[in-house]
Amino acid sequence: MEKPSKIAPAKGRLGVLLPGMGAVSTTFMAGVELVRKGKSQPVGSLTQMGTIRLGKRTDARSPLIKKFVPLAELTDLTFGGWDIFKDNAYQSAANAGVLNPQDLEKVKPFLSTIKPMKAAFDRDFVKLIDGPNIKKGKNKYELALQIKEDIADFRKTARASRLVTCWCGSTESFVKPEEVHSTPEKFVEAMQSNHPAIAPSMLYAWASVTSGVPYANGSPNLSVDIPAIQQLAHDHNVVICGKDFKTGQTLLKTVLAPAFKARMLGLEGWFSTNILGNRDGEVLEDPGSFKTKEESKLSVLEYILQPQLYPQLYGKMCHKVRINYYPPRGDNKEGWDNIDIFGWLGYPMQIKVDFLCRDSILAAPIVLDLVLFLDLAQRAGMHGIQEWLSFYFKSPMTAPGLYPEHDLFIQSMKLKNTLRWMKGEDLITHLGQEYYD
Ligand SMILES: NC(=O)c1ccc[n+]([C@@H]2O[C@H](COP(=O)([O-])OP(=O)(O)OC[C@H]3O[C@@H](n4cnc5c(N)ncnc54)[C@H](O)[C@@H]3O)[C@@H](O)[C@H]2O)c1
């Protein structure tokens, strides 16, 4: 891809469209408003708090990322979304129970104005929840056209000059890519004939991309990760990325596993288990939805540790992931990892990680960064899969035939080098010989 010659300025309002207005979405919107009001800090957001080194270490040039590239301002963000429940964003946030009532009260008037549009929903894909706020249509194609209308209406009423969609809806049942996902034409035919392999998330993806709206996929659903939508993203010059926000346990896995590999320490097994009690956890009780999540969580170690290159170290590793729905914990997930490693002469050691995290607190800044970076990439004239945003995903999308990079530090370097590349700055290789000449 050619280096962007110039990046269009972030003029006007940026509309953020959220299919799924549950815990993550409402924590994100409430957080943006609290930060805008000066009542909180955007902790966890690279676009808001991160800096980027430019030039040599001796140059002392490390501007804030938001000063280096022209990102939309938080004050220019405006929000819309869809959900199967009729609750407005305040009611939904109160129900999710992530933010405390004092914080929610400060943004109640703002959140109360955000009401979900009717969802395209299919219980075959999310078995354990159902709601009254659902679109009706003859077939899936009609539903997708209705979503396109929603997008056009929102653009008008929100007076947005640009839009970005970020899927924050539930995890759907596992779907394998099939022939109907292979081309835009077959995809449309499949929507018209109500083919069972067309999931609701794909309808939102199709509607966004064909409306020229960038799309990020926060769940492990295939959604934009099919050739038909990728072709459309190319044809419509739209940027896309996914899938599955990398927040808690997998974030730590993609930090620890690269350390073991860098030091040539072996891995016999990695057992990960979670308890969580939010709606996401409830949905994941269904084996179909869990299978989608499991695939996403399992792929990480294989790619980082490359057992085919290091059979003595990683050839026999056993990797298991469990998620248990346990209502008392709400959104406060506990993720345990038992890691059996071995060192010099094969002597075994163990590491235990107990991460008492807050799922949506970790996910909300990711939504913000993805929205701002996708909008930037779109204004820079980029299109298709944005692999430089792998940093944010458990299961990063890549060009066909390319294996994904999961190592968080490679992903971080890739992201920052992409920003340098966009602005015509030297890429940083960390070679550093020049300091010793
Ligand atoms: N740390 C995290 O929180 C995290 C990490 C990675 C991925 N995710 C993914 O992000 C997504 C959102 O997580 P959450 O905790 O907010 O879940 P949630 O259950 O609180 O919210 C999801 C919302 O999507 C709605 N929904 C389901 N199907 C829909 C459809 N077809 N159209 C519109 N709305 C629909 C549900 O009614 C629900 O309100 C999930 O897929 C989850 O797996 C979350």
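Given the structure is predicted, the values throughout are model-derived calculations rather than measurements. (Residues numbered from 1 in each chain as written. Predicted model: local features only at pLDDT ≥ 70, side-chain atom pairs only at ≥ 80, totals over all residues. Heavy atoms only, no water.)

### A few points about the nonpolar core
- F28, L111, F245, F373, L389, Y392 and L419 are the most contacted members of the largest nonpolar core, which has 64 residues in total.
- Among the elements that take part in this core, helix α15 (residues 359–379) stands out by supplying 12 residues, more than any other.
- Sequence-distant contacts of L419, defined by excluding residues within four places in its chain, comprise I52, I65, F68, V69, F373, L376 and W388.
- Among the nonpolar cores identified, the runner-up in size contains 48 residues, and L17, I84, V224 and M397 belong to it. (Core = buried A, V, L, I, M, F, W, Y, C linked by side-chain atoms within 4.5 Å. Buried < 20%, exposed > 50% of the residue type's maximum accessible area, 1.4 Å probe, protein only. Helix = DSSP H or I, 4+ residues; strand = E, 2+ residues; numbered from the N terminus. Contact = heavy atoms within 4.5 Å.)

### Points about the packing of aromatic side chains
- The final tally for this structure, using the stated rule, is 10 aromatic pairs.
- Arranged with centres 5.2 Å apart and planes meeting at 70°, the rings of W82 and Y204 form a pair that is edge-to-face. Highlighted residues: W82 in strand β2 (residues 77–83) and Y204 in helix α9 (residues 200–210), separated in sequence by 122 residues.
- The exposure class of W82 is buried, given its relative accessible area of 1%.
- Under the relative-accessibility criterion, Y204 is labelled buried at 3%.
- Through pairs of rings, three or more aromatic residues link up here, namely F28, F79 and F110. (Phe/Tyr/Trp six-rings, centres within 6.5 Å; stacked < 30°, edge-to-face > 60°.)

### Remarks on the pairing of strand β4 (residues 160–167)
- Of all 8 residues in β4, 7 are buried; the element is thus mostly enclosed.
- Pairing analysis gives 5 bridges linking strand β1 (residues 13–19) to β4, with the strands arranged parallel. Of the residues in β4, the one forming a bridge with L14 is R162.
- Bridge count for β4 against strand β5 (residues 215–217) is 3 bridges, and the pairing is parallel. Bridging from a neighbouring strand, W167 pairs with N217 of β5. (Pairing = 2+ DSSP bridges.)

### Here we look at the layout of surface pockets
- Counted as a void, the second largest pocket has a volume near 620 Å³.
- Residue lining of the second largest pocket: 33 residues in total, with P177, L222, D225, K243 and S395 positioned closest to the centre.
- Looking at the lining of the second largest pocket, the elements that each hand over two or more residues are α10 (227–235) and α13 (287–305).
- Broken down by element, the residue count for the lining of the second largest pocket peaks at 5 residues, all from α13.
- Within the lining of the second largest pocket, the residues separate by chemical class into 16 nonpolar, 12 polar and 5 charged. (1 Å grid on protein atoms, 1.4 Å probe; cavity = no way out; pocket = protein on both sides within 12 Å on 5 of 7 lines; lining within 4 Å. Points joined across faces, edges and corners; volume = space filled by probe spheres on them. Nonpolar A, V, L, I, M, F, W, Y, C, P; charged D, E, K, R; others polar.)

### Considering the environment of W336
- Note on placement: W336 falls in strand β9 (residues 334–342).
- You can call W336 partly exposed: its relative accessible area is 35%.
- Distance in space between the C-alpha atoms of W336 and S299 is 18 Å, their sequence separation being 37 residues.
- Discounting chain neighbours no more than four positions away, the residues touching W336 are Q249, F271, S272, T273, I275, V353 and D354.
- Within the local environment of W336, its side chain forms a polar contact with the side chain of D354, the two groups lying 3.4 Å apart. (Polar contact = N/O pair within 3.5 Å; in protein donor to acceptor, adjacent residues only side chain to side chain.)

### Things to note about the site of the ligand
- Around the ligand lies a shell of 30 residues, among which V24, D83, A120, G169 and R279 are the nearest.
- Contact distances for the ligand include 3.0 Å between a nitrogen atom and a side-chain N or O atom of T247.
- With respect to the ligand, the backbone of D359 contributes an N or O atom lying 3.0 Å from a nitrogen atom.
- Here the ligand, which alone exposes 840 Å², has 99% of that area covered by the protein.
- Residue assignment for the shell around the ligand shows that the elements contributing at least two residues are α1 (23–36), β2, α9, α12 (279–283) and α15.
- Grouping the constituent residues of the shell around the ligand by class yields 15 nonpolar, 8 polar and 7 charged. (Near = heavy atom within 4 Å. Areas by Shrake-Rupley, 256 points an atom, 1.4 Å probe, with all protein chains shown as cover.)

### Structural notes on the packing of α1 against helix α4 (residues 89–96)
- Axis separation between α1 and α4 bottoms out at 9 Å; the angle between their running directions is 115°. As far as their axial angle goes, α4 and α1 are roughly perpendicular. Considering the relative orientation of α1 and α4, their crossing is left-handed. Counted together, A23, T26 and M29 of α1 and A89, S92, A93 and A96 of α4 form the full contact between these two elements.
- In the contact of α1 with α4, the residues fall into 5 nonpolar, 2 polar and no charged. (Axes fitted to C-alpha atoms, helices over the stretch in contact; angles between N-to-C directions. Parallel < 35°, antiparallel > 145°, perpendicular 65-115°, else oblique. Left-handed = near helix turned anticlockwise from the far one by under 90°.)

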